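# Descriptive analysis of the structure
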Amino acid sequence: MKKDEPPLNFPTTLEEFEYAFNEKGQLRHVKTGEAFVFNAREDLHRWNQKRYEALGEMKKHVFSR
């Protein structure tokens, strides 16, 4: 972890990420309705990438049901 980088601890469920699939099957933020934004934190590519991967793990569980 870089000096100024936040911890790489991410939610373990879609609900904790505050994302859900809408009626069209699109992943959307539950409060804003916006699609997933990769660059949630500017200038923190590694953190954004790890967040993306953690969310991807949740999607795997949803689609494997």
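Source: prediction; values computed, not measured.

## So, unusual backbone geometry
With a phi angle near 65 degrees, glutamate 18 is a residue other than glycine that sits in the positive phi range. Examined against the element boundaries, glutamate 18 turns out to sit in the loop between α1 (14-17) and β1 (19-21).

## Some words on the packing of aromatic side chains
Taken as a whole, this structure holds four aromatic pairs when the rule is applied. Aromatic side chains tyrosine 19 and phenylalanine 36 sit 5.7 Å apart centroid to centroid with 55 degrees between the ring planes, which places their arrangement in the tilted category. Taken together, the residues tyrosine 19 in strand β1 and phenylalanine 36 in the loop between β2 (27-29) and α2 (45-63) connect sequence positions 17 residues apart. Note on tyrosine 19: relative accessible area 6%, which makes it buried. You can call phenylalanine 36 partly exposed: its relative accessible area is 21%. For the pair phenylalanine 38 and tyrosine 52, a centre-to-centre distance of 5.7 Å together with 65 degrees between the ring planes defines the contact as edge-to-face. Residue phenylalanine 38 is found in the loop between β2 and α2, and its partner tyrosine 52 is found in helix α2; the two are separated by 14 residues along the sequence.

## Remarks on the nonpolar core
In terms of nonpolar packing, the biggest core is built from 10 residues, these being Phe10, Leu14, Phe17, Tyr19, Leu27, Leu44, Trp47, Ala54, Leu55 and Met58. Where this core is concerned, the elements lending two or more residues are α1 and α2. If you tally residues by element for this core, the top one is α2, at four residues.

## A look at the pattern of salt bridges
Applying the stated criterion to the full structure yields two salt bridges. For glutamate 18, the salt bridge goes to lysine 31, with nearest N and O atoms at 3.1 Å. Separated by 13 residues along the polypeptide, glutamate 18 in the loop between α1 and β1 and lysine 31 in the loop between β2 and α2 bring together distant segments of the chain. Judged by its relative accessible area of 28%, glutamate 18 falls in the partly exposed class. Residue classification places lysine 31 among the exposed positions, given a relative accessible area of 63%. For lysine 50, the salt bridge goes to glutamate 53, with nearest N and O atoms at 3.7 Å.

Here is what the cut-offs are and how they apply
Residues numbered from 1 in each chain as written. Predicted model: local features only at pLDDT ≥ 70, side-chain atom pairs only at ≥ 80, totals over all residues. Heavy atoms only, no water. Helix = DSSP H or I, 4+ residues; strand = E, 2+ residues; numbered from the N terminus. Phe/Tyr/Trp six-rings, centres within 6.5 Å; stacked < 30°, edge-to-face > 60°. Buried < 20%, exposed > 50% of the residue type's maximum accessible area, 1.4 Å probe, protein only. Core = buried A, V, L, I, M, F, W, Y, C linked by side-chain atoms within 4.5 Å. Salt bridge = Lys/Arg side-chain N within 4 Å of Asp/Glu carboxyl O.

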